[in-house]
Structure formats: structure tokens, C-alpha cells
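These are the residues of each chain, in order.
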Amino acid sequence: MHVSESIDTCALSVSINHVDYDTFVLQSCFSVTAVTMVAGAVGAVVAAPVALWAAGFTSAGIAAGSTAAKMMSSAAVANGGGVAAGSVVAALQSAGAAGLSGAATAVVGSAGAAVGWLASFVG
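Residues numbered from 1 in each chain as written. Predicted model: local features only at pLDDT ≥ 70, side-chain atom pairs only at ≥ 80, totals over all residues. Heavy atoms only, no water.

A. Region of interest: the overall build of the protein chain. Scanning the protein chain for helices and strands turns up four helices and five strands. Secondary structure elements of the protein chain occur, N-terminal to C-terminal, as β-β-β-α-β-β-α-α-α. Taken across its 123 residues, the protein chain has 21% of its residues classed as buried. Long-range pairs, those at least 24 residues apart, make up 41% of the contacts in the protein chain between residues at least 6 apart in sequence. Summed over all atoms, the accessible surface of the protein chain reaches about 7900 Å², with 69% contributed by carbon and sulfur. (Helix = DSSP H or I, 4+ residues; strand = E, 2+ residues; numbered from the N terminus. Buried < 20%, exposed > 50% of the residue type's maximum accessible area, 1.4 Å probe, protein only. Contact = heavy atoms within 4.5 Å. Areas by Shrake-Rupley, 256 points an atom, 1.4 Å probe, with all protein chains shown as cover.)

B. Inspection of the packing of aromatic side chains at higher detail. In the structure shown here, the tally under the stated rule is one aromatic pair. For the pair Trp 117 and Phe 121, a centre-to-centre distance of 5.0 Å together with 90 degrees between the ring planes defines the contact as edge-to-face. Of the residues examined, Trp 117 reaches a relative accessible area of 39% and is grouped as partly exposed. In this structure Phe 121 comes out as partly exposed when scored by relative accessible area, which is 37%. (Phe/Tyr/Trp six-rings, centres within 6.5 Å; stacked < 30°, edge-to-face > 60°.)

C. Expanded view of the nonpolar core. Among the nonpolar cores identified, the biggest contains six residues, and these are Leu 52, Phe 57, Ala 68, Ala 75, Val 89 and Ala 95. Put simply, the parts of the chain that give this core at least two residues each are helix H2 (67-78) and helix H3 (88-98). Residues in contact with Ala 95, not counting those within four places in the same chain, are Leu 52 and Leu 100. (Core = buried A, V, L, I, M, F, W, Y, C linked by side-chain atoms within 4.5 Å.)

D. Molecular detail of the side chain of Ser 66. Within the element layout of this structure, Ser 66 appears in the loop between strand S5 (61-62) and H2. For Ser 66, the side chain forms a polar contact with the main-chain oxygen of Ala 63, separated by 2.6 Å. Aside from chain neighbours lying at most four places away, what touches Ser 66 is Ala 55 and Gly 56. (Polar contact = N/O pair within 3.5 Å; in protein donor to acceptor, adjacent residues only side chain to side chain.)

Structure follows, in C-alpha cells:
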């Protein structure tokens, strides 16, 4: 029996007695990619509220002495005493207080899926 292997980014080509098994390997590659993309998307959507809370963007407002408070202070100084509507700090404060909107959830999930897709090429 003759076995030859060549490893590419996600492709493993195996020939046994001159029969190629590229189709099986390709399906396995897509399965791994799909799993890592789903895991990345779900992980990002679950982690986003935790990250907002950890930074100090809470449902009760910005936590004193937190990273969020420092960001708000910097934004207020830069804008002459107030935080501009639509700014990054305002958007994060809104997300921390009310949760992610449907659009924000889609963006975070898409970013997580992209990271998962990239992770499928590692290892």
C-alpha cells in the first residue's frame, strides 16, 4: 500500500492504491472551518456584555474609577465638557446600559465569525 500526504493550509491529500481522498478531506476542512466560525460568533456575542461590564459600562451607568470613567473623562475634556452623542463612549455606554442592539449583535457576531475563520487556519 502506498500512502502519500501533502499538508496545505487546510487540505490533506491522501492517496491509497492510487485512489484520492480529497473529497473527504475537503469536507472535513469545511466542517472545521464552520465549527470555528460558529464558535467565534457565539463566543463574541456572549463575551461582549461581559467585556462592557468589566470595562465599567454597566446597566446602572458608568462605574466610578473604571476604564469607562477614564474614557468618559477624556471624551468630555476633548469636547469641551460633554460627551458627544454618537461617539464611541456614548455607544458603549448605551450598550452597557441597555444591551447590544440587533445590529450591534450582528456586527459583533460577524467579527467573531471572522476571527473563527482565521483561527481555522492555525494549528
